[in-house]
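Residue-level listing of the chains:
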Amino acid sequence: MLDLADPWVLLLAPVPLLAARLLRPAGAQGAALAVPERIGLALLGASGTGAARRDVLWSRAMRWGAWGLLLLAIAGPRTLAPISALKVSGRDLAIALDLSGSMVRDDFHLDGAQITRLEAVQAVGASFARRRAGDRVALVLFGSEAYYAAPFTFDVEAVARRIEEATIGISGRATNISDGLGLALKRMTRSEAATKVVILLSDGANNAGSTNPQGVAGLASAMGVRVHTIALGPKDLTEADVGERGVVDAATLRAISEVSGGTTFRVRTTEDLQSVAEALDKLEATDSDGLAAEVFFEHWVWPAGLAALLVLGLAWRGR
């Protein structure tokens, strides 16, 4: 339904009439005789110049039309449009990604092409983040150190772009699982969300920092934070040869998830990683209705445009 943002503006409609009555007319120049418009029309009618009379009437109608349309534009005609509400889950979800040196290994395949572990995580992780509309999502990246790449936000597109732009080496090349999980928990200490979740992905074994990952998992449990872990890589410590590099400590990641009440996933291929993303969508479904929003569409440009055309027409006629 069309309404006006400032309907009181229409009260200014009689201003030109009041101005004509209260303000003195401009002084006559040369030998011209200034007469009121009504008398001028009567004289024109008496002299039989019907075309001139119609010209005066048209000019007056155009002036009043321009004035009325200008007032209507200033009053702000608008319509209220129904906008579907964003689903809000009441969940804070932190994604903690391993950016250690082993993520450069090209032992994954996507669409028939050989890619690195990081490229596989970026492709699937960014897509997963974009599907989290309604969650407040944060991104933690860790290697030797951990840092926040994106604070908690409803702007999941921004988080997805941070995942796609992640670069190995910026946080060191070791694997500090404890600090990555600990930093995610630190930002959740003041969270008032009904549900708090961390998704932790690593392709190695904890070899940096002084804190035991299981101890940090115990802190997560005490805070009521579920930690879902993803062990990424073709081999884990139980399958690898002694001293072999680039293998994941699946047992530690499994222990972290069990202590905190989460779920652990074992990923050896890109297809596994995609299945994990789908499984996490089901585990942490977004299905609560958010607050409805009222959005107005403004229509002032139409009367303003018509008023401008009338003014241009008056200027052309004046020539």
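Read on for an overview of the structure. The structure presented is a predicted model; accordingly, all values stated were derived computationally and were not measured.

Concerning the pattern of salt bridges
- One pass over the full model with this rule turns up eleven salt bridges.
- Across the pair Asp 135 and Arg 91 runs a salt bridge, and its minimum N-O distance is 2.7 Å. Note that Asp 135 is positioned in the loop between helix 4 (117–130) and strand 6 (136–142) and Arg 91 in strand 3 (residues 91–98), a separation of 44 residues in sequence. A single burial state applies to Asp 135 and to Arg 91, both of which are buried.
- The partner of Arg 131 in a salt bridge is Asp 281, and the shortest N-O contact between them spans 2.7 Å. Taken together, the positions of Arg 131 in the loop between helix 4 and strand 6 and Asp 281 in helix 9 (residues 270–283) put the pair 150 residues apart, joining distant regions of the chain.

Remarks on the environment of Asp 249
- Inspection of the secondary structure puts Asp 249 in the loop between strand 9 (225–232) and helix 8 (250–260).
- The spacing of Asp 249 and Ala 205 is 44 residues in sequence and 4.8 Å in space, taken between C-alpha atoms.
- When residues no more than four places from it in sequence are discounted, the contact partners of Asp 249 are Gly 204, Ala 205 and Leu 237.
- Reaching out from Asp 249, the side chain makes a polar contact with the side chain of Thr 252 at a distance of 2.5 Å.

Analysis parameters
- Residues numbered from 1 in each chain as written.
- Predicted model: local features only at pLDDT ≥ 70, side-chain atom pairs only at ≥ 80, totals over all residues.
- Heavy atoms only, no water.
- Salt bridge = Lys/Arg side-chain N within 4 Å of Asp/Glu carboxyl O.
- Helix = DSSP H or I, 4+ residues; strand = E, 2+ residues; numbered from the N terminus.
- Buried < 20%, exposed > 50% of the residue type's maximum accessible area, 1.4 Å probe, protein only.
- Contact = heavy atoms within 4.5 Å.
- Polar contact = N/O pair within 3.5 Å; in protein donor to acceptor, adjacent residues only side chain to side chain.

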